Amino acid sequence: MISSQITNPKAVESDQIKKRFDPMGRFFVIMICTLSALVAISATTIALLAITRPPWHGSTNLFLAIYGLKLATDPLSGVFLLISGSLGVMVIPHLYGYLRRNHLPTTTVIAIPIFIFTMALVPLANSTPTFFFFWELMALASVPLVAAHPNDQSGRRATFVYLAMTQLGAMAILVALAIISASHPGTPLAGLSALSSRDSNTLRSLAFLLALIGFGSKAGIVPFHIWLPKAHPQAPGPASALMSGAMVSLGIYGIIRFCILSLGTGAKWWAITLIVFGSITAIYGILQASVNKDLKVLLAYSTAENMGLALIAIGLFQLFRILHLPNLAAEALGAGVLILVAHGLFKGLAFLVAGSIQSEIGITDLDQLGGLAKIMPVSTVGFGIAALSASGLPFGSAFIGEWLLLQTIIHLPRDIGSLVLIGPIALGVVALTAGLSVLTMVKAFGIGFLGTPRSKRAGEAHESSTTMSTSIIALMIANLGLAFDPGVINFVILHLSESISGVYPRIALGSRISITTTSSAIFPSIGAALFIVGAIAIYLIRRFTASKRPQPLDEIRWGCGAKELTPKMQYTATSFAEPLERIFSDILVPRRDIETDAFDSLDLIVKRIDLRESPHDAIETALWNRLARALDLVASQFRRFHNGSLIRYLMLGGLGFAVVMVVTH
Amino acid sequence: MSYLSLILQITLIVVISPLIGQLMIKIKSKAEGRRGPSLLQGVRELGKLLKKGEINPIGTGSAFALAPAIYLVSTLVLSAIIPLIALKLPGSSNYDLFWVVGILLIGTIALGLGGLDTATAFGGMGASRELMVAALIEPSILMAIYALSIRANSSNIFKIVHATLSNPQQIASPQSALALIGLVIVVVAEAGRIPIDNPSTHLELTMIHEAMVLEVNGPKLAMVKLASSMRLVILIGLVVNLFFPIGISYSTSSVGSIILGIVALVIKVSLLAGLLAFVEVFLAKLRLFRVPELLAGSFVFGFLAVTASYFLPVIKA
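Throughout this description, residue numbers start from 1 for each chain and increase along the sequence as written. Just so you know, chain letters begin at A and ligand numbers begin at 1, following the order they were written in. Selection of residues for local features in this predicted model requires a pLDDT of at least 70, selection of side-chain atom pairs for listing and counting requires 80 or more, and totals for whole chains, interfaces and linings are taken over all residues. Computation of side-chain values: all heavy atoms of the structure, hydrogens and water removed.

How would you summarise the overall build of chain B if you had to cite specific residues and measurements?
For chain B, the helix and strand inventory stands at eleven helices and one strand. A run of H or I in DSSP counts as a helix once it spans at least four residues, and a run of E counts as a strand once it spans at least two, with each numbered from the N terminus. When its helices and strands are written in sequence order, chain B yields α-α-β-α-α-α-α-α-α-α-α-α. Here chain B has a C-alpha radius of gyration of 19 Å; the compact-globule value for 317 residues is 20 Å, and the two agree. Structurally, chain B occupies a C-alpha span of about 60 × 45 × 45 Å along its principal axes. Counting across all 317 residues of chain B, residues that qualify as buried make up 62%. Excluding contacts between residues fewer than 6 apart, the proportion of contacts in chain B whose partners are at least 24 apart in sequence is 82%. Residue burial considers only the protein chains on display, and all accessible areas are found by Shrake-Rupley using a 1.4 Å probe. Just so you have it, chain B exposes about 11,100 Å², and 71% of that area is on carbon and sulfur atoms. Charged residues are defined here as Lys and Arg on the positive side and Asp and Glu on the negative side; His and the ends of the chain fall outside this count. The atoms used to mark charge sites are NZ of Lys, CZ of Arg, CG of Asp and CD of Glu. Across chain B, the mean location of the 22 positive side-chain charges is 9 Å away from that of the 14 negative side-chain charges. Only C-alpha atoms enter the radius of gyration, while the globule expectation follows 2.2 Å times N to the 0.38, with N the number of residues. Remark: exposure states derive from per-residue accessible area (1.4 Å probe, protein chains only) relative to the maximum for the residue type, with buried under 20%, exposed over 50%, and partly exposed in between. Note on definitions: a residue-residue contact is assigned when non-hydrogen atoms from the two residues lie within 4.5 Å.

In structure tokens, the structure reads:
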């Protein structure tokens, strides 16, 4: 795609690599983890205060000399602070274990606490300059996380793509923020909503679209998602957990804060744009996830899917605000927040397990994994719970949010004219996404953790260290807690919607979740109790009838006539998803390469057939590669002016300055 | 009494499902000019399997060992959360249709993971195909639920049946007919019947469900077989009660109405199952890659049903 070189590979000799990747000292790692833990714990504390206490704001001129540093808390910032803070706290033990076992570049390690710190400050910013400052700081702090393998080709490429996408987004955000703050100079972010409606519609629409592009690129909204599947496999496990569980959500925060709240009640097409982008992202994300075979790539695409679902909820929230349906709007927002909170927890968990695999086995390609259930039991159970949640099934943490989203959709009022068509379309998208995510997660879990190991390294692995497992267990408990009693974050939803729309959502969150105005309700604990009763009954029957049966035998599996089955005969992630790839080949456009080798010239008897098939991102090749080539073409024209002559540069600089002066006057 | 009727409902499903499955085979055989096995054949087979010793395929783990049990438990749970004989069961206010679909999927997933855990090509193939069908069913089934929930203003399954019962004219509306067609296709696909899958073949490369459970044997196979036939009966029972809830007991207080509910359910399920079996005689199994087209058709019916529910006037009694 975009050709670039961050470091010259030949210049880095293997001795230097060793020096740079010195085994990390215990003291250094403890320092980094303590620092990260302190930041994460204080972020969580501030988040809880921000949600429950009345809004607070403060400013200082110490830091940013020109504009001053303006910070504020309100429930909305609290929610996102809570997501990143709590995930940060739970990730720390895993981070410690990971850093002790793996040698990462020092910059990557130092960037981790800075990254958590800036991630916490983004939602707290209360002026456009402060916001942009921390946003950029967060983006920059996350780049070293991706650049954890600077010596391999794909690692450098991933870093470059990530940097390019994040800066493209930042530029769009900068212009959008400039438009917003130009019409209301000095207004704090929290106070923008009431003022904006009087501005010209074209300008506001422009700001809306730019902000959507900018924040969408952070949230992995299609077509700005291409960095996700590249960056996540590069970043160390705990860092990808934080990036996927928390940083990506901040893109949605930006969309809520700027596209919806700051720009005031917009046009209906704004909301529809959000829903359409959300739908495309959800379906494209999960389709790509279902055909990809690298565990971390799969999880990255699934992140895009979840952000798409959240965006659908946010779009509905916006739509209901425009239609003056505050209660439904509050419910849609509640659904969106629950999806994001659950996503932080289950995706954090899944990425931590992927990190354990990365650290213990060194492979995340599902086609070379398998049989981990027997050797990594904690990680297996952890991934099982994460997969259950990610599939949006009952007893998983994501089910609550998706159920609320479905409830919001099916309770669309009849009297909104042709807009009711959004209902069946959105429901179709959510349902297809849910179905495909079930398939994707069964694939990830069944191929990666069950069966027999497909490679020697996978067969010789061990469970990750106790500290790493601590994080995994903590997140497992958090996921189950949210799945069975989402009442724990009831206060978040209540305070948030009261502060934003002034009404409480008609959702009763607790161990029984219901929409109070309708009779729709779910009660996960009762469902689980029924399962336990049924399981006990079956166990008793089996025990009771066991004496009538001969002793169980161990026998080889049926091998279609072959005596022993080799691990290679198992289904792989690629073959598992093949039917789906075929069905959706119009969207996925898989690369397929068949070579036939015949005995005779007539091709009648085939000696061997080579089939190579790999999924690839059609949007990347169709859109971004072309864009990059076009950019390259334009750049090569401009390069003519760069002949190294100082006089020419000075002249051009002066000319440019003059043009700016003329235009602004 | 309400707990008793719950136990009655579960027991009823467990008891009649092998018989209904056999009834379908009998009807198919008759229509094809054969005598067919006795109606009790299914029960006898279950008994035979229960007496057999278990064979543990070497190399399989706990997922394979647990899958049949989870499949059966999820099916038992399913039979406890659906209005089959009575409109009020313990906990019925919490049984949402989306929840029911989720429980249905959990069973499918358990079996799929069990298939993958055998580490054989057959297990993986079956799992891959079964989950592909399950993934593509999801939009159709949720769309049909959406269409049904609009008229009841709730996705609670007991409320939907109640709404149909208290306003039976709605059944004759176009939206109901469209939703019914969509749901019937879904049931056929979910239960693995022709034209999606052929439950009576073994070792055929086109099979789905049977490939997944190829290594399952003895009492575990009995569990899978029982659960599969139960799922078919439950799904048929769900569809008949969503559209023709005649005879279902309003409450669980009177013994007479419960008995009536049981009788009505058995008759309705037998009729629809018989009809399905009879229609199957004239159909061939679809090629696997044509299945998505059928399911897309079902999705379109659901979509039209939803749109019709919004735009057509409501029929009131």
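From this point, the discussion proceeds with the structure in view.
Which residues make up the interface of chain A and chain B, and what values do they have?
Facing the 76 residues of chain A at the interface are 77 residues of chain B. Each of two parts loses accessible area, computed with a 1.4 Å probe, when they are put together; buried area is these two losses added. Summed over both partners, the interface of chain A with chain B buries about 6,300 Å², with 73% contributed by carbon and sulfur atoms. Salt bridge, as used here, is a side-chain nitrogen of Lys or Arg placed within 4 Å of a carboxyl oxygen of Asp or Glu. Linking chain A with chain B are one salt bridge. The residue B:Glu54 makes a salt bridge to A:Arg542 at a minimum N-O spacing of 2.7 Å. Any pair of N or O atoms that falls within 3.5 Å is considered a polar contact. Within protein, one atom must be able to donate a hydrogen and the other to accept it, and sequence-neighbouring residues count only if both atoms are side-chain atoms. Taken together, the connections running from chain A to chain B amount to 23 residue pairs in polar contact (both at pLDDT 80 or more). Where the side of chain A that touches chain B is concerned, the elements lending two or more residues are α16 (397-410), α17 (422-449), β5 (521-522), α21 (524-546), β6 (553-555) and α22 (573-583) of chain A. Here the element with the most residues in the side of chain A that touches chain B is α17(A); it accounts for 16 residues. Along the lines of polarity and charge, the residues of the side of chain A that touches chain B split into 47 nonpolar, 18 polar and eleven charged. One ladder, built from three bridges, connects β6(A) with strand β1 (residues 55-57) of chain B; its direction is parallel. Following the sheet pairing, A:Glu555 is matched in β1(B) by B:Pro57. Classification convention: Asp, Glu, Lys, Arg as charged; Ala, Val, Leu, Ile, Met, Phe, Trp, Tyr, Cys, Pro as nonpolar; all other residues, Gly among them, as polar. Between any two strands, pairing holds if DSSP finds at least two bridges.

So what's going on with the UniProt feature "transmembrane region" (unreviewed entry) in chain B? Which residues, and what values?
Residues and elements named next belong to chain B. Taking the UniProt record as the reference, the feature "transmembrane region" (unreviewed entry) is found at residues 6-25, 58-85, 97-119, 131-151, 171-189, 232-252, 258-282 and 294-315. Annotated as residues 58-85, this span is 68% helix and 0% strand, and its ends, taken at the C-alpha atoms, are 44 Å apart. For residues 97-119, the end-to-end C-alpha separation is 34 Å, with 91% helix and 0% strand making up the annotated structure. UniProt positions are given in the numbering used here, feature names are shortened, and annotations may be inferred rather than shown by experiment.

Account for the sheet that holds strand β3 (residues 507-508) of chain A, naming residues and giving values.
Residue and element names in this part refer to chain A. Read across the sheet, three strands follow the order β3-β4-β5 without closing on themselves; strand pairing throughout is antiparallel. A strand with exactly one partner marks an edge of an open sheet, and here the two such strands are β3 and β5. Where β3 and strand β4 (residues 513-515) come together, two bridges link them in antiparallel fashion. Residue pairing in the sheet places Ala 508 in a bridge with Ser 514 of β4.

Mind laying out the environment of A:Gly362, listing which residues take part and the relevant values?
Residues and elements named next belong to chain A. Mapped onto the fold, Gly 362 is located in the loop between α13 (326-360) and α14 (372-375). Judged by its relative accessible area of 47%, Gly 362 is partly exposed. Through-space distance from the C-alpha of Gly 362 to that of Ala 458 is 8.7 Å; in sequence the pair is 96 residues apart.

With reference to specific residues and values, describe the environment of B:Phe301.
All names here are of chain B. Turning to its location among the elements, Phe 301 is positioned in helix α11 (residues 291-311). Judged by its relative accessible area of 28%, Phe 301 is partly exposed. C-alpha of Phe 301 to C-alpha of Leu 84: the two residues are 217 residues apart in sequence and 25 Å apart in space. Those residues within four positions of Phe 301 in sequence are excluded, and the remaining contacts are Leu 178, Ile 181 and Gly 182.

Give a detailed account of the packing of aromatic side chains, specifying residues and quantitative values.
Stacked, tilted and edge-to-face pairs are distinguished by plane angle, under 30 degrees for stacked and over 60 for edge-to-face with tilted covering the rest, among Phe, Tyr and Trp rings (Trp via its six-membered ring) whose centres lie within 6.5 Å. On inspection of all chains with the given rule, the structure shows 23 aromatic pairs over all chains. Their ring planes at 65° and their centres at 4.9 Å tell us that A:Phe131 and A:Phe258 sit as a pair that is edge-to-face. Of this pair, A:Phe131 sits in helix α5 (residues 128-146) while A:Phe258 sits in helix α10 (residues 237-262), and the two are 127 residues apart along the sequence. In this structure, A:Phe131 and A:Phe258 share a single accessibility class: buried. Between B:Tyr146 and B:Tyr310, the ring centres sit 6.2 Å apart and the planes meet at 80°, which makes this aromatic pair edge-to-face. Taken as a pair, B:Tyr146 in helix α5 (residues 121-152) and B:Tyr310 in helix α11 lie far apart in primary sequence, 164 residues in all. Here B:Tyr146 matches B:Tyr310 in class, with each residue buried. Following the ring pairs from residue to residue traces out a cluster consisting of A:Phe395, A:Phe399, A:Phe484, A:Phe531 and B:Trp99. Looking at A:Arg582, its charged tip hangs above the ring of B:Phe289, at a distance of 4.0 Å from the centre. The criterion for a charge sitting over a ring is simple: Lys NZ or Arg CZ within 6 Å of the ring centre, and within 35 degrees of the ring normal.

Please set out the pattern of salt bridges residue by residue, giving values where relevant.
Note on pairing: side chains with opposite charge can pair once their charged atoms come close. All names here are of chain A. Summed over the entire model, instances satisfying the criterion amount to 21 salt bridges over all chains. The partner of Glu 620 in a salt bridge is Lys 230, and the shortest N-O contact between them spans 2.8 Å. Here Lys 230 lies in helix α9 (residues 228-234) and Glu 620 lies in helix α24 (residues 618-639), a separation of 390 residues in the sequence. On the accessibility criterion, Glu 620 (9% relative accessible area) is buried. Between Lys 456 and Glu 460 there is a salt bridge, with the nearest N and O atoms lying 3.9 Å from each other. Salt bridges sharing partners connect three or more residues here, namely Asp 593, Glu 595, Arg 608, Asp 610 and Arg 612.

Mind laying out a nonpolar patch on the surface, listing which residues take part and the relevant values?
Residues and elements named next belong to chain A. Each patch groups residues whose relative accessible area exceeds 30% and which form no salt bridge, using 9 Å between like charges and 5 Å between nonpolar side chains of Val, Leu, Ile, Met, Phe, Trp and Tyr. On the surface, Leu 633, Val 634, Phe 638, Phe 641, Leu 646, Tyr 649, Leu 650, Leu 652 and Leu 655 cluster together into a nonpolar patch covering about 950 Å² of accessible area. Of all the secondary structure elements, the ones that give two or more residues to the nonpolar patch are α24 and α25 (646-664). It is α25 that contributes the most residues to the nonpolar patch, five residues altogether. Of note, Leu 652 is situated in helix α25. Owing to a relative accessible area of 36%, Leu 652 belongs among the partly exposed residues under this scheme.

Before we move on, could you go through the side chain of A:Gln358 and cite the residues and values that matter?
Residues and elements named next belong to chain A. Tracing the backbone shows Gln 358 in helix α13. Relative accessible area serves as the criterion here: at 14%, Gln 358 is assigned to the buried category. Leave out the neighbours within four places in its chain, and Gln 358 touches Tyr 98, Pro 233, Ala 235, Pro 236, Gly 237, Lys 296 and Thr 364.

For the packing of helix α4 (residues 106-121) of chain A against α10(A), give the residues involved together with the corresponding values.
Residue and element names in this part refer to chain A. Only the stretch in contact is used when a helix axis is fitted, and all axes are lines through C-alpha atoms; the angle between N-to-C directions ranges over 0 to 180 degrees. Look at α4 against α10: their axes get within 10 Å of each other, and the N-to-C directions meet at 30°. Comparing their axes, α10 and α4 come out roughly parallel. Like other packed secondary-structure pairs, α4 and α10 cross with a definite hand, here left-handed. Here Phe 115, Ile 116 and Met 119 of α4 come into contact with α10, specifically with Leu 242, Met 243, Ala 246, Met 247 and Leu 250. The residue makeup of the contact of α4 with α10, split by class, is eight nonpolar, no polar and no charged. Comment on the angle field: the value is read as roughly parallel under 35 degrees, roughly antiparallel over 145, roughly perpendicular from 65 to 115, and oblique elsewhere. Helix crossings get a hand from a simple test, with the near helix turned counterclockwise from the far one by less than a right angle marking a left-handed crossing and a clockwise turn marking a right-handed one.

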